[in-house]
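Listed below, chain by chain, are the residues.
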Amino acid sequence: MTRLLEGEASEVLADRTAVGSTRLVVVSSLGERGPARWFLGSVAERTAEHAKVPTLVVRQAEPFHAWFRGERALRIFIAFDFTQTSDAALRWVRSDLLRTRPCELVLAHINWPPQEGSRIGGATPMQLEGNPPEVQRVLTRDLKVRANELLGTDDFKVRIEPNWGRPDVRLADMATEESADLIVVGSHQSHGLKRLWHHSISRGILERATASVAVVPTPPAARHGDGMVPWVWRVLTATDFSPVGDRAVAHAYAQLPQGGSLRLVHVIPPGAMSDSQRFAGRPTDRQAAQHRAYVASCQKRLEALIPAEAKERGVETEVAVLTSTDATRELRQEAERFGADVICLGTHGRTGAAKALMGSTAQAVLASSARPVLLVRPPAE
Amino acid sequence: MKPSSPARKAPRRPVPITGILCGTDFSENARAAADVGAQLAQAWEQPLTLAHATLDLEPTAARTALSRRAPGCASPPRPTS
């Protein structure tokens, strides 16, 4: 079927996707040149920014022809950033491309080192080249888990790199290095000033990539959750050995199904030799021995909190004594390193002056962590 | 009393399009893109619509070109009013 549409090309193409049941818009890469492109973008870029369905911008047709002839798999490079936008891109690859013919998938993530260093922490300081091992391990694990869930396969290559510049530039280069036939990227579809303010990764890739690009918009419903009920497999719980802290441990176990994992931790300050004593600077042999003994005693107290029925329930438990001057930051980072689905903490329920004086680690974790937090209050007296 | 305003032409509602929508500017690149669209349409068993947008009020030439460029489209397009 052919149609002659009246109006500006990107507008009429995008408008048609808002009605009917268009599944995909296909356009070529050429379009506006010169200053008009700088201000408005090409027809392809503007269509991708406004269309309600994925837009395929074809730059190299031959890889697609070879794919359809069954001569080779289509090499797809997916830019992933752990947002609902890139979730939508993965869902589209699964529903529309993987079912068509064989594909080779490369999932790429670019991280901003200071942000991930602050989120995940770890013993190794930030590096100029490459991620610290702890950051790389956590990002690789999280990307594999998320992609496996959304793609329904673990047959993909993962590339994670730190980047101090613009992510779209590096992603386009990585796609070239991977000899990608198609780059798939999600789009927030920000318009006007919002787009200028939050630089659009998808537009940057469209401008720079030499391969074909598919831009996948986020369905409006996805912004309100993906409709999937999340499983809780991993719970992080911490106790300060107060009654309410210990009470939270039992509630943490209650969240887990058979096969789940629980990490039970206690945070002590550096150089702690007892609940009230600590050394500063270089320790003497005696102080070092006292510190080791204190850590061992804390470890035993944690082990004593593991309920007898934990094993019967098939829940694995790890215990650890963590050292930090900032318990809130340490717990938040430990949750990222462990990949906790839920953080379970006891809270004393202090308010007003008591809260201001004593502070609340639990409340601070609740305020600063991106992960769900379950707070357990003391029983009513 | 206000004089009645001249009858305004109601804005035309976009015609719904199902399946795959290919935009073309009649260039070689657009032709290659339309070929890819046609192959995807065949693989997904979806209808393919080849569309050209124009601001020209007398788009006869564009309509003729569009009918020639349609991949796998034998019959000429129905003229639009």
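Along each chain, residues carry numbers from 1 onward, in the same order as the chain's sequence is written. In the order they appear in the text, chains get letters beginning with A and ligands get numbers beginning with 1. Predicted model: local features are reported for residues with pLDDT of at least 70 only, side-chain atom pairs are reported and counted for 80 or more only, and whole-chain, interface and lining totals are derived from all residues. Side-chain figures throughout are based on the complete set of non-hydrogen atoms in the structure, without hydrogens or water.

A few points about the sheet that holds strand β13 (residues 373–376) of chain A
All names here are of chain A. Pairing within the open sheet is parallel, and its five strands lie in the order β11-β10-β9-β12-β13. Edge positions in the open sheet fall to β11 (316–323) and β13, since each of these has one partner strand only. Neighbour-to-neighbour, the strand axes of this sheet turn through a mean angle of 20°, independent of strand direction. Where strand β12 (residues 342–346) lies against β13, four bridges are found, and the strand directions are parallel. For two strands to count as paired, DSSP must find a minimum of two bridges between them. Only DSSP runs of H or I reaching four residues or more are called helices, and only runs of E reaching two or more are called strands; each is numbered from the N terminus. For helices, the axis comes from a line fit to the C-alpha atoms of the stretch in contact; other axes are also lines fit to C-alpha atoms, and the angle between any two N-to-C directions lies between 0 and 180 degrees.

Some details on the nonpolar core
Grouped together as the largest cluster of nonpolar side chains are 45 residues, with contacts concentrated most on Leu56(A) and Val184(A). A total of seven residues in this core trace back to one element, the largest contributor, which is helix α7 (residues 133–151) of chain A. By definition in these notes, contact holds between two residues if any of their heavy atoms fall within 4.5 Å. With near-sequence residues (within four places) excluded, Leu56(A) lies in contact with Leu24(A), Val25(A), Val26(A), Val27(A), Phe64(A), Leu182(A), Val213(A), Ala214(A), Val36(B) and Leu40(B). Judged by nonpolar contacts, the second largest core, of 26 residues, contains Val25(A), Ala108(A), Ala180(A) and Ala51(B). Put simply, a nonpolar core is a bunch of buried Ala, Val, Leu, Ile, Met, Phe, Trp, Tyr and Cys residues held in one set by side-chain atoms that sit within 4.5 Å of each other. Exposure classes here rest on a 1.4 Å probe applied to the protein chains alone. A residue is buried below 20% of its type maximum, exposed above 50%, and partly exposed in between.

Comments concerning the environment of Ala51(B)
All names here are of chain B. Looking at the element boundaries, Ala51 is found in strand β2 (residues 48–54). In this structure Ala51 comes out as buried when scored by relative accessible area, which is 2%. Considering only alpha carbons, one finds Ala51 and Leu21, 30 residues apart in sequence, at a separation of 7.1 Å.

Description of the confidence of the model for chain B
The share of residues in chain B with pLDDT of 70 or more is 46%, and the mean pLDDT across the chain is 70. Confidence of the predictor at the level of single residues is captured by pLDDT, which takes values from 0 to 100. The model gives residues 72–81 of chain B a pLDDT under 50, and that stretch makes nine contacts with residues more than four places away or in other chains.

A few points about empty space enclosed by the protein
Using only the protein atoms, space was sampled on a 1 Å grid; points where a 1.4 Å probe fits but cannot get out form cavities, open sets with protein on both sides within 12 Å along at least five of seven lines form pockets, and lining residues are those with an atom within 4 Å of a point. Grid points are joined across faces, edges and corners, and a volume is the space filled by probe spheres set on the points. Under the defined criterion, the tally for this structure stands at two cavities of 30 Å³ or more. Of the volumes computed, that of the second largest cavity is approximately 30 Å³. Together, Leu24(A), Leu56(A), Phe64(A), Trp92(A), Leu97(A), Leu182(A), Leu40(B) and Trp44(B) line the second largest cavity. Tallied by class, residues from the lining of the second largest cavity come to eight nonpolar, no polar and no charged. The residue classification treats Ala, Val, Leu, Ile, Met, Phe, Trp, Tyr, Cys and Pro as nonpolar and Asp, Glu, Lys and Arg as charged. All others, Gly included, are polar.

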